[in-house]
Number of protein chains: 2
Amino acid sequence: MERRLHLGLFLIGTGSHISGWRMPGAVDSFEDLPAILDIAREAERALFDLIFVGDNLNADPGAHPSYCSRLEPLTMLSAVATATSRIGLGATASTTYGDPWTLARAFASLDHISGGRAAWNSVTTANPQAAANFGMVHPDHARRYEMSGEFIEAVRKLWDAWAPGALIRDTASGRYFDAAKIAPIDHEGAFFRVKGPLNISRSPQGRPVILQAGGSEAGQDLAARHADVVFTVTQDKDEARAFYAGLKARLPAHGRGPGDLVVLPGVMPVVAETERQARNKLAALQGFVDEATALGMLSERFNQDMSRFDLDGPIPDLGRNEAYHAFASAMLGKARRENMTLRDLYNLVAAARGHWVLCGSADFVADTLEDWFRSKAADGFNVMPPWFMEGFTDFTRLVVPRLQERGLFRKAYEGRTLRENLGLRPA
Amino acid sequence: MERRLHLGLFLIGTGSHISGWRMPGAVDSFEDLPAILDIAREAERALFDLIFVGDNLNADPGAHPSYCSRLEPLTMLSAVATATSRIGLGATASTTYGDPWTLARAFASLDHISGGRAAWNSVTTANPQAAANFGMVHPDHARRYEMSGEFIEAVRKLWDAWAPGALIRDTASGRYFDAAKIAPIDHEGAFFRVKGPLNISRSPQGRPVILQAGGSEAGQDLAARHADVVFTVTQDKDEARAFYAGLKARLPAHGRGPGDLVVLPGVMPVVAETERQARNKLAALQGFVDEATALGMLSERFNQDMSRFDLDGPIPDLGRNEAYHAFASAMLGKARRENMTLRDLYNLVAAARGHWVLCGSADFVADTLEDWFRSKAADGFNVMPPWFMEGFTDFTRLVVPRLQERGLFRKAYEGRTLRENLGLRPA
């Protein structure tokens, strides 16, 4: 089957650039439902596969400011569901701070509400500050991934516990269920005991789509077993190609083929008709960064106080730090390869928290995305607009039509469900 | 201040009558969002104060069938929020199977999404079958209420942790927050440790409205401390008056007055222009009850197998059973007072799970509700339609106008938030 390019919209805070909310006319709140509905409608007009809502489980006003006051993703996307009809709705939820029954139920509910458009971005919650909101000690990386594997298995069993056709609802006989098609799961593992079944019938997609973003060895293993979509952090095409090939090569061991997993690197596009205009936009964005906010965010990313280092010195030795996630590793790799100063690193973090910043003319951006797609560095992209709306409409109005003209991107939704639009097998 | 009558719509399954889904043209699914949106719009047209969604945390296809496949309340009501603009949105959520941070966050999110219309029906989850979905042992009644008191306190602290005005969002200076107005709660109790704050700012109502339904001594104590609305189970006006007076008398000890707590008995109205028509509707409903389903539901209510008793014999001695809740006690009291057989009891349960069934002409129903309101047996009613839509529109089209003509019920919403429409003090 021909590969098709897929596009996700990453929705977090007021956009992915730390200071995007200061741009003229920008959306300045991640609690503003009407603004969020406008963004979702624009993404659907542009035929994006899905919206993908990031999350955290703690408030740290010292870090990226607009990330600390936000709507909860499942309630947000249930509201978005009624204002849209075709775009996928991906919510982040943690396997460390939550339970399989509640989570499986909520995503099945979103899948029913949206007519088969729900996706779960399964995360293990890297930030240790979350633990204190749940009276827990933050499990280490290895343990979080062990928990996560078992958690996802239990969720998948719960989604499958109602067979198709379990609901009869025959008014004449009074039979509501076929009880033989509803079974407990009796899951008993190292971390979770879940009897099941859910109190909601099999959802339109059978199983909501599973998204995953961990780039570590354990994260890739989990993705190969369970993920339908992987959101990656990368700064470099060759690195991305190697990651893509490596991840797809893990699939056959789990009875899966390359078409069963869609790899979407994150990219922050800063785009305009000409390169000069695009550079000016990026300069305007960077001009709004203040040192305290950027250092706060850098400290959050590296889980230590970064203000004690010389901003114009080399990248300090940060020791081995368990809380690092793939973001931090990717950034450090790039920074060391390119002999950056700490200030360069902080500019990188401020721009897109370590994601790939792609700045240039519409033709250049379309060329680059096409090249990554054709080179098998990506099956598409998770687009991270620096701010809304202009930072997003620049992409939908300038880049999407170019991708369509080249025959890379759809001109109409192929299916009704997210699974269909992603070209995935029915679950 | 003059007392005003308030109306809630209790939404559970396909309606409160166990066999309502078999009525001609009835809604036959509690997973059908378009049907739920129609119901919500009808309730808003009729100026109801709120919709109140019941819940459970297990599936028991042997019990009330349409209760076992349902949307999750918070996601459902987030979708309803975008299709309505004034009606309150109350979701049931448990203090036994959940955590304060997640719950406080989700309700604050619904409050933002709905512009100040969120309410939390705080329950302790009576059904012991829920425990197995969470790998837990079901705590006994006393312990559940101790947990619940602490849980609600932690939630209220979390809702208050962001002071008004904490969000600044000054694009010129780059100040997003006033950090001095955001504080951890550092809750350390017998059951929960929650650092806080939430990652969502103070919601439009300040505190979402708290609903409560426990009729036990511990439940009434909790209600007197925390509830804004109490949903009661009653079969008898004198019993209701005594309960009402007793509950209001508990308020001053907590610095609260009688206007701070709205008491809404549940009532299943079966109403038509004439009494004969109404009786025919009830007979049609009862004619759809089958024995296995009704016995299953009775067994669920009393937490024991009721099929071993003679249906036409007297009510058996059921022993003291911890799992009884106020519903079961109210039903047993009525059944024993009226020398019912087990079959009479099961008909009572089948009709409205033990709630008050009020069957008659529109004038009779309006007279009775007025009498209860004026006698201080109620501040209004939680209306439990036996089925949808006709079982509900009979009430909105025949009874609501009569209550309005008598000056008892609003002709337009008084406020923007649920708290305002309920006549409660700002939080």
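Details of the structure are given in the entry above.
Calculation notes
- Residues numbered from 1 in each chain as written.
- Chains lettered and ligands numbered in written order.
- Predicted model: local features only at pLDDT ≥ 70, side-chain atom pairs only at ≥ 80, totals over all residues.
- Heavy atoms only, no water.
- Helix = DSSP H or I, 4+ residues; strand = E, 2+ residues; numbered from the N terminus.
- Rg over C-alpha atoms; globule rule 2.2 N^0.38 Å.
- Buried < 20%, exposed > 50% of the residue type's maximum accessible area, 1.4 Å probe, protein only.
- Contact = heavy atoms within 4.5 Å.
- Buried area = accessible area lost by both parts, 1.4 Å probe.
- Salt bridge = Lys/Arg side-chain N within 4 Å of Asp/Glu carboxyl O.
- Polar contact = N/O pair within 3.5 Å; in protein donor to acceptor, adjacent residues only side chain to side chain.
- Expected span 1.5 Å × (residues − 1).
- Phe/Tyr/Trp six-rings, centres within 6.5 Å; stacked < 30°, edge-to-face > 60°.
- Lys NZ or Arg CZ within 6 Å of the ring centre and 35° of its normal.
- Least-squares fit on C-alpha atoms with pLDDT ≥ 70 in both.
- Pairing = 2+ DSSP bridges.
- Right-handed = clockwise from strand over helix to strand, strands pointing away.
- Axes fitted to C-alpha atoms, helices over the stretch in contact; angles between N-to-C directions.
- Parallel < 35°, antiparallel > 145°, perpendicular 65-115°, else oblique.
- Left-handed = near helix turned anticlockwise from the far one by under 90°.
- Nonpolar A, V, L, I, M, F, W, Y, C, P; charged D, E, K, R; others polar.

Draft legend 1. Fine view of the overall build of chain A. Regarding its fold elements, chain A presents 14 helices and 13 strands. The globule rule puts the C-alpha radius of gyration for 427 residues at 22 Å, and the 21 Å found for chain A is close to it. For the C-alpha atoms alone, the extent of chain A along its principal axes is close to 75 × 50 × 40 Å. The buried share among the 427 residues of chain A stands at 64%. Look at the contacts in chain A between residues 6 or more apart in sequence, and 77% of them connect residues 24 or more apart.

Draft legend 2. A look at the interface of chain A and chain B. Counting residues at the interface gives 61 residues for chain A and 62 residues for chain B. Contact between chain A and chain B buries roughly 5,000 Å² in total, counting both sides, with carbon and sulfur atoms accounting for 59%. At the junction of chain A with chain B, the criterion picks out four salt bridges. For Asp-28 of chain A, the salt bridge goes to Arg-169 of chain B, with nearest N and O atoms at 3.7 Å. Taken together, chain A and chain B are joined by 27 residue pairs in polar contact (both at pLDDT 80 or more).

Draft legend 3. Fine view of the side chain of Asn-421 of chain A. All names here are of chain A. Along the chain, Asn-421 turns up in helix H14 (residues 418-421). On the accessibility criterion, Asn-421 (0% relative accessible area) is buried. A polar contact is formed between the side chain of Asn-421 and the backbone nitrogen of Gly-415, at a distance of 2.8 Å. For Asn-421, the residues in contact, after removing those within four places along its chain, are Arg-4, His-6, Asp-49, Arg-86, Arg-410, Tyr-413, Glu-414 and Gly-415.

Draft legend 4. How the structure looks around helix H8 (residues 291-302) of chain A. Residues and elements named next belong to chain A. Taking 1.5 Å per residue as the helical rise, H8 with its 12 residues ought to reach 16 Å, and the 16 Å between its terminal C-alpha atoms agrees with that figure. Of all 12 residues in H8, nine are buried; the element is thus mostly enclosed. For H8, the complete set of buried residues consists of Thr-293, Ala-294, Leu-295, Gly-296, Met-297, Leu-298, Ser-299, Arg-301 and Phe-302. Following H8 by one or two positions, Asn-303 adopts a phi angle in the positive range, close to 55°.

Draft legend 5. Representation of the packing of aromatic side chains. Residue and element names in this part refer to chain A. Tallied over the entire structure, the rule returns 36 aromatic pairs over all chains. Judged by centre distance (5.3 Å) and plane angle (80°), the rings of Phe-10 and Phe-52 are edge-to-face. Residue Phe-10 is located in strand S1 (residues 6-11), and its partner Phe-52 is located in strand S2 (residues 50-53); the two are separated by 42 residues in the primary sequence. You'll find Phe-10 and Phe-52 in the same group, each marked buried. Pairwise contacts between aromatic rings join Phe-107, Trp-120, Phe-151, Trp-159, Phe-191 and Phe-192 into one cluster. The ring of Phe-373 has Arg-3 sitting right over it, with the charged end atom 4.2 Å from the ring centre.

Draft legend 6. How the structure looks around the relation of the copies chain A and chain B. Overlaying chain A with chain B gives an RMSD of 0.0 Å, the required rotation being 180° about an axis along which the chain moves by 0.0 Å. These values place the two chain copies in the arrangement generated by a two-fold rotation axis. Residue Ala-79 of chain A of chain A places its C-alpha closer to the rotation axis than any other residue of that unit, at 2.2 Å. In this assembly, 100% of the residues forming the interface of chain A have copies in chain B that are likewise at the interface, indicating an isologous arrangement.

Draft legend 7. Spotlight on the pairing of strand S13 (residues 380-383) of chain B. Residues and elements named next belong to chain B. The alternating pattern of S13 places Gly-380 and Asn-382 and Phe-381 and Val-383 on opposite faces, both of which are buried. Both strand S1 (residues 6-11) and S13 contribute to a ladder of four bridges, which runs parallel. Residue pairing in the sheet places Leu-9 in a bridge with Val-383 of S13. Judged from the two bridges that link them, strand S11 (residues 262-272) and S13 form a sheet pairing that is parallel.

Draft legend 8. Structural context of the environment of Thr-124 of chain B. Residues and elements named next belong to chain B. By the secondary structure assignment, Thr-124 is in the loop between strand S4 (118-123) and helix H4 (141-160). A relative accessible area of 8% places Thr-124 in the buried class. When the C-alpha positions of Thr-124 and Phe-10 are compared, they lie 18 Å apart, and in sequence the two are 114 residues distant. Residues contacting Thr-124, with those up to four places away along its chain left out, are Ser-94, Thr-95, Thr-96, Arg-144, Tyr-145 and Ser-148. A polar atom in the side chain of Thr-124 sits 3.2 Å from the side chain of Arg-144.

Draft legend 9. Region of the structure containing unusual backbone geometry. Residues and elements named next belong to chain A. Residues Phe-388 and Met-389 are joined by a peptide bond in cis, for which omega reads -10°. Along the chain, Met-389 turns up in the loop between strand S13 (380-383) and helix H12 (390-398). With phi around 55°, Arg-169 is a residue other than glycine that occupies positive phi space. For Arg-169, the location among the structural elements is in strand S5 (residues 167-170).

Draft legend 10. Representation of the pairing of S11 of chain B. Residues and elements named next belong to chain B. Within S11, 11 of the 11 residues are buried, which leaves it mostly tucked inside the rest of the structure. By the alternation rule, side chains of S11 split into Val-262, Leu-264, Gly-266, Met-268, Val-270 and Ala-272 and Val-263, Pro-265, Val-267, Pro-269 and Val-271, which are all buried. You can see the chain leave strand S10 (residues 229-232), run along helix H6 (residues 237-249) and come back into S11, and the turn it takes is right-handed. As paired strands, S11 and strand S12 (residues 356-361) are joined by six bridges and run parallel to one another. Residue Val-271 lies in a different strand from S12, and its bridge partner there is Gly-360.

Draft legend 11. Region of the structure containing the environment of Arg-117 of chain B. Residues and elements named next belong to chain B. Its place among the elements puts Arg-117 in the loop between helix H3 (100-113) and S4. For Arg-117, a relative accessible area of 2% translates into the label buried. Sequence spacing of Arg-117 and Glu-420 is 303 residues, and the spatial spacing of their C-alpha atoms is 9.5 Å. Dropping the residues within four chain positions of it, Arg-117 is found in contact with Glu-44, Ala-81, Thr-84, Ser-85, Arg-86, Ile-87, Gly-88, Leu-89, Asp-111, Gln-205, Arg-416 and Leu-418.

Draft legend 12. Spatial organisation of the pattern of salt bridges. All names here are of chain A. On inspection of all chains with the given rule, the structure shows 57 salt bridges over all chains. Close ionic contact of Arg-207 with Asp-160 constitutes a salt bridge, the shortest N to O distance being 4.0 Å. Here Asp-160 lies in helix H4 (residues 141-160) and Arg-207 lies in the loop between strand S8 (193-194) and strand S9 (209-212), a separation of 47 residues in the sequence. Across the pair Arg-225 and Asp-221 runs a salt bridge whose closest N-O atoms are separated by 3.4 Å. Here Asp-221 and Arg-225 lie together in helix H5 (residues 217-226), a separation of four residues that amounts to about one turn.

Draft legend 13. Looking closely at the packing of helix H2 (residues 73-83) of chain A against helix H2 (residues 73-83) of chain B. In the contact formed by H2 of chain A and H2 of chain B, the axes pass within 7 Å of each other and the chain directions differ by 45°. Compared by their axis directions, H2 of chain A and H2 of chain B come out oblique. Crossing hand, H2 of chain A versus H2 of chain B: right-handed. Taking contact as the criterion, the partners of Leu-74, Thr-75, Ser-78, Ala-79 and Thr-82 of chain A in H2 of chain A are, on H2 of chain B, Leu-74, Thr-75, Ser-78, Ala-79 and Thr-82 of chain B. Of the residues assigned to the contact of H2 of chain A with H2 of chain B, the class counts are four nonpolar, six polar and no charged.

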